[in-house]
Amino acid sequence: MTRTSIVLVAYRSAGYLERGLPALLRDPAVGEVVVVDNSSDPATERVVDGTGGRVRYLDPGGNVGFARGCNLGMRATGDPVVTFLNPDVGLERSVADLVEACAADDRLVLGGGLTGEAGGAIGNARRRETLGTELRRAVLGARSSVQPVTPDSGTVAVPQVDGAFLMADRTFLELLGGYDERFELYFEDLDLCERAREHGRVLLDTRCYGSHAGGGSSRTVAATSYCVFRVSRVRYFAKRGGRPAAAAALLVTLAEVVARTLTRQPEGGRVRRRALLLSAREAWRPGTVAVLS
């Protein structure tokens, strides 16, 4: 059986890891498991230590961001397939079929279906990213960016698989250069899938593999997460369309500020204003804003 390395980038995620790691370690398709702890959290380290050496703990010395954390974890493992998994994802089905599919196709990024914690529809496929879809998301909310799929309808092509549960053959990831570390948090999975489609395919197995709590780590630093998302959005469009696209993404953020102010969203005006200011700096000088540091 081909096996996959599991890379979990954690941030104050001890509770989620304590619940989720046992199922991973029971899966015969799972080989090496590494937790990259961006929070240097003693509780997270204790959970990993409690696995009896089955899981490796990697402390990068600070919050290096999700993309860099994923790349560090990938380089620290050696199985032929690499799976990136959020700590707040609880898997209930073996990943063996997905691993074999990736091993058989070295031009494939693949995910398995995830629902929310309360069940419901498969929610981890995303629409293709455009300024229009981002404007809709900014005004209507994150659910508007979900690509509807029919459960148990086989393996289907999708524009993007959410980075909460994403895998690929190691050689394909190396060909793509891994995640783009210029993205501190958010949009790095979208960018990876965009590049993967240029060289191969992005697919979703529509069977339910488990559930995703969503925002399990970001809720602990909600204001920072809010700001870094908006900066990453500008950075993503700047990468693809230069300053004109970055300026357009900034206008999306401005529309979002208006919409969320009128609807009295909980992050508050101060956080929205900071996010807008940081996004403006990023649009003016792409790649220069560091939120997590």
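Residues numbered from 1 in each chain as written. Predicted model: local features only at pLDDT ≥ 70, side-chain atom pairs only at ≥ 80, totals over all residues. Heavy atoms only, no water.

Engineer: I'd like a description of the overall build of the protein, backed by residues and values.
Structural biologist: For the protein, the helix and strand inventory stands at nine helices and eleven strands. For 293 residues, the compact-globule formula gives about 19 Å, and the C-alpha radius of gyration of the protein, at 18 Å, lands near that figure. With respect to the three principal axes, the spread of C-alpha positions in the protein is 50 × 40 × 35 Å. A total of 293 residues make up the protein; the buried ones form 54% of that total. Here the analysis covers contacts within the protein between residues at least 6 apart in sequence; of these, 77% occur between residues at least 24 apart. About 12,700 Å² of surface is accessible on the protein, with carbon and sulfur atoms providing 52% of the total. Averaging the locations of the 38 positively and 34 negatively charged side chains of the protein gives two centres separated by 8 Å. (Helix = DSSP H or I, 4+ residues; strand = E, 2+ residues; numbered from the N terminus. Rg over C-alpha atoms; globule rule 2.2 N^0.38 Å. Buried < 20%, exposed > 50% of the residue type's maximum accessible area, 1.4 Å probe, protein only. Contact = heavy atoms within 4.5 Å. Areas by Shrake-Rupley, 256 points an atom, 1.4 Å probe, with all protein chains shown as cover. Lys, Arg positive; Asp, Glu negative; His and termini not counted. Charge placed at Lys NZ, Arg CZ, Asp CG, Glu CD.)

Engineer: Please give an account of the side chain of T44 that cites residues and values.
Structural biologist: Locating T44 in the fold gives a position in helix α2 (residues 42-49). Take T44: its relative accessible area is 0%, and that puts it in the buried class. Separated by 2.8 Å, the side chains of T44 and D41 make a polar contact. Those residues in contact with T44 that lie beyond four places of it in its chain are R12, S13, A14, L17, V35, D37 and Y57. (Polar contact = N/O pair within 3.5 Å; in protein donor to acceptor, adjacent residues only side chain to side chain.)

Engineer: Which residues make up helix α4 (residues 96-104), and what values do they have?
Structural biologist: By the burial criterion, the buried members of α4 are A96, L98, V99 and C102. Projection of α4 onto a plane perpendicular to its axis shows the buried side chains occupying an angular sector of 160 degrees, all on one side. Where α4 is buried, its residues touch β1 (4-10), β4 (81-85), β6 (108-115), β10 (165-169) and β11 (201-212). (Arc of directions from axis to C-beta.)

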